[in-house]
Amino acid sequence: MGNPKAFLEIHRQEAGYRPIHDRILDFGEVEQTLNTRERKLQASRCMDCGVPFCHWACPLGNKAPEWNDALYKGEWELAYHLLSNTNPFPEFTGRICPALCEKACVLNRFNHEPTTNREDEAAITEMAFQEGYIQPRTDIVRNGKKVAIIGAGPAGLAAANDLNLLGYHVTVFDKNEAAGGLLRYGIPNFKLNKALINRRLKLLEEEGILFKYNQQISLTSDINHLATEYDAIVIATGTPTARDLNIPGRELKGVHLALELLSQQNRILAGMEFSKAERISAKGKDVLVIGGGDTGSDCIGTAHRQGCKSVTQIEIMPKPVEGPDDPQNPWPNWPRTLKTTSSHEEGCTRRWNINTLEFIGKNGHLTGVRIQEIDWQQNPEGGRPIMVEKGKPEIIKAELVLLAMGFLKPEHPQYPENVLICGDAANGASLVVRALASGRQIAAKTNQYLMKK
Ligand SMILES: Cc1cc2nc3c(=O)[nH]c(=O)nc-3n(C[C@H](O)[C@H](O)[C@H](O)COP(=O)(O)OP(=O)(O)OC[C@H]3O[C@@H](n4cnc5c(N)ncnc54)[C@H](O)[C@@H]3O)c2cc1C
Ligand code: SF4
């Protein structure tokens, strides 16, 4: 710990976002950065606690006190070395991790001013790239064994990276035209610039990982064949099926799954062209987002940048508690409190306890959505609360609806013993940091299995 009193003398300072009037005009990253002096001051606030709850809270077990100390002292290379020991791609988590560690930080308990680990992580990694501390490894000794990874999202990339460094010949297959999974085709560019994925992929390729794109692998028929061709297979295919809303009017033009909009927008920014008929656009429209989570929030930010007229977001569950603390899930756990994202700040009507009854249209095109306010009452027999209607149904005017209600957890058949599963494909929809941790764990298991053989 560089400065034992820093947490008493220096306040938490976030870099903050670009001004709204400026940022909604483009898809550039909204988050700003602190200068080097301010960044070091932020790092100095870490108290190097005897019991570091941040280690416990971070699924990767990132050792924030160690790299914050190195950062404070200006030892950037050491800071990156410590950080990359546990985190293979800190440039991603440094931008889009919800920072479970910061909520568990003792300073969050003390005065709700935790350390700025996530931003520190991004700053350390950018400095490491800038100064050339990150170079492809040329000392990898090959062991002659081959591993196939199905899915090039964060889980597959983390597994591929570890296995490659252990000496396996790694081939990554993906059905898309480029790697990254939801990092590239889900998370909007205003949260994560895709050039960062390309920069990391270049390194992985230079270190010997082979990527094969536009390869849809059947998880039933192809796997058994691949399992004979490769010594082991890692399935990292995420959660491909989004939850749909099959109510009357679902067939109307203008009702889309969130990822249809988000992936198309990211592809357009990557230079892909879509015909007028294929194009999903919020321009000049009243937009309704169904689902109150992060995917919904990404739809809001995208709709603003496309020039929508208005955005409303509805959620069937009650409004979460406001304020920093969640009495039901107290520190050091993650507080399930109301979250207001940069996209919400850009303008959005948010409503909770709303059930969706019907999509309404004219000449095959969506014009509105019939909704019903509800209440959740305790079930006298125990179990799930009961939904009761409140007042009369109403209609929200909308020409574009985006369904952002989560993803179904995939089911897998019994695979041969050399087939392992990781990331969202194994655990259901979650977070990038959890996908990375899971990819690393499965890489270790794959190695153990192949070492025994
Ligand atoms: C819109 C959106 C925003 C999000 N924002 C955040 C955020 O800000 N922070 C955060 O931490 N998390 C966020 N998440 C969650 C996070 O993106 C996921 O938890 C994470 O990407 C899961 O990683 P994964 O590698 O398991 O799966 P994925 O990222 O889904 O990758 C799976 C890969 O497998 C490929 N694939 C699938 N089936 C096949 C097949 N049969 N053959 C070949 N390839 C196949 C896919 O093309 C894809 O590339 C967000 C999710 C969404 C949808
Ligand atoms: S990956 Fe996320 S939880 Fe882990 S140290 Fe970084 S910001 Fe914190």
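Residues numbered from 1 in each chain as written. Chains lettered and ligands numbered in written order. Predicted model: local features only at pLDDT ≥ 70, side-chain atom pairs only at ≥ 80, totals over all residues.

1. Observations regarding the nonpolar core
By size, the foremost hydrophobic cluster in this structure holds 76 residues, and its most contacted members are Ile 149, Ala 159, Val 234 and Cys 422. A total of seven residues in this core trace back to one element, the largest contributor, which is helix H19 (residues 432-452). Here this core gathers at least three residues from each of two domains, domain 1 (6-130) and domain 2 (146-240 + 409-452). For Val 234, the contacting residues outside a window of four places in its chain are Val 147, Ile 149, Gly 156, Ala 159, Leu 420, Cys 422, Ile 442 and Thr 446. Counting residues in hydrophobic clusters, the runner-up holds 30 residues, among them Val 255, Ile 300, Ile 314 and Phe 359. (Core = buried A, V, L, I, M, F, W, Y, C linked by C-beta atoms within 7 Å. Buried ≥ 20, exposed ≤ 12 C-beta atoms within 10 Å, placed from the backbone. Helix = DSSP H or I, 4+ residues; strand = E, 2+ residues; numbered from the N terminus. Domains from an automatic or database assignment. Contact = placed C-beta atoms within 7 Å.)

2. Focus on helix H5 (residues 64-72)
The buried fraction of H5 is high, at nine of nine residues. Note on H5: the residue one or two positions beyond its end, Gly 74, has a positive phi of about 80 degrees.

3. What to know about the site of ligand 2
Surveying the vicinity of ligand 2 reveals 14 residues, the closest of which are Cys 58, Asn 62, Thr 93, Cys 97 and Cys 101. Listed by contribution, the elements that provide at least two residues to the shell around ligand 2 are helix H8 (100-104) and helix H10 (117-130). (Near = placed C-beta within 6 Å.)

4. Points about H10
Taking 1.5 Å as the rise per residue, H10 with 14 residues should run 20 Å; its terminal C-alpha atoms sit 20 Å apart, in good agreement. Most of H10 sits inside the fold, with ten of its 14 residues counted as buried. If you check which residues of H10 are buried, you get Asn 117, Arg 118, Glu 119, Asp 120, Glu 121, Ala 122, Ala 123, Ile 124, Thr 125 and Ala 128. Here the buried face of H10 lies against helix H3 (36-44), helix H4 (53-57), H5, helix H6 (76-86), helix H7 (90-96) and H8. (Expected span 1.5 Å × (residues − 1).)

5. With respect to the domain arrangement of the protein chain
Interfaces are often sized by the accessible area lost when the parts come together. Annotation of the protein chain at the domain level lists domain 1 (6-130), domain 2 (146-240 + 409-452) and domain 3 (255-403). Using C-alpha coordinates to define each centre, domain 1 is positioned 27 Å away from domain 2. Contacts between the two partners involve 18 residues from domain 1 and, on the opposite side, 20 residues from domain 2. With five residues, the single largest contributor to the side of domain 1 that touches domain 2 is H7.

6. Focus on the site of ligand 1
Close contacts around ligand 1 come from 40 residues, with Gly 151, Gly 153, Gly 181, Gly 238 and Gly 423 the closest. Of the residues belonging to the shell around ligand 1, the class tally is 21 nonpolar, 13 polar and six charged. Here the shell around ligand 1 gathers at least three residues from each of two domains, domain 2 (146-240 + 409-452) and domain 3 (255-403). (Nonpolar A, V, L, I, M, F, W, Y, C, P; charged D, E, K, R; others polar.)

7. Notes on the sheet that holds strand S4 (residues 232-235)
Sheets are built from strands paired through backbone hydrogen bonds, the pairs being either parallel or antiparallel. Read across the sheet, five strands follow the order S3-S2-S1-S4-S14 without closing on themselves; strand pairing throughout is parallel. Here the strands that pair on one side only, and so sit at the sheet edges, are strand S3 (210-212) and strand S14 (419-421). Taking each pair of neighbouring strands and ignoring which way they run, the sheet shows an average axis angle of 20 degrees. As paired elements, strand S2 (residues 169-173) and S3 share three bridges and run parallel to each other. Of the residues in S3, the one forming a bridge with Phe 173 is Lys 212. Lying on the sheet, helix H11 (residues 154-165) is in contact with strand S1 (146-150), S2 and S4; it crosses S2 at an angle near 165 degrees. Strand contacts of helix H14 (residues 221-229): S1, S4 and S14, with the helix running at about 145 degrees to S4, the strand carrying the most contacts. (Pairing = 2+ DSSP bridges. Axes fitted to C-alpha atoms, helices over the stretch in contact; angles between N-to-C directions.)

8. A look at the pairing of S4
Across the two faces of S4 the burial is the same, with Ala 232 and Val 234 and Ile 233 and Ile 235 all buried. The pairing of S1 with S4 spans four bridges and is parallel. Looking across to S4, one finds that Ile 149 is bridged to Val 234. As judged from the three bridges shared by S4 and S14, these two strands associate in the parallel manner. Paired with Val 234 across the bridge in S14 is Leu 420.

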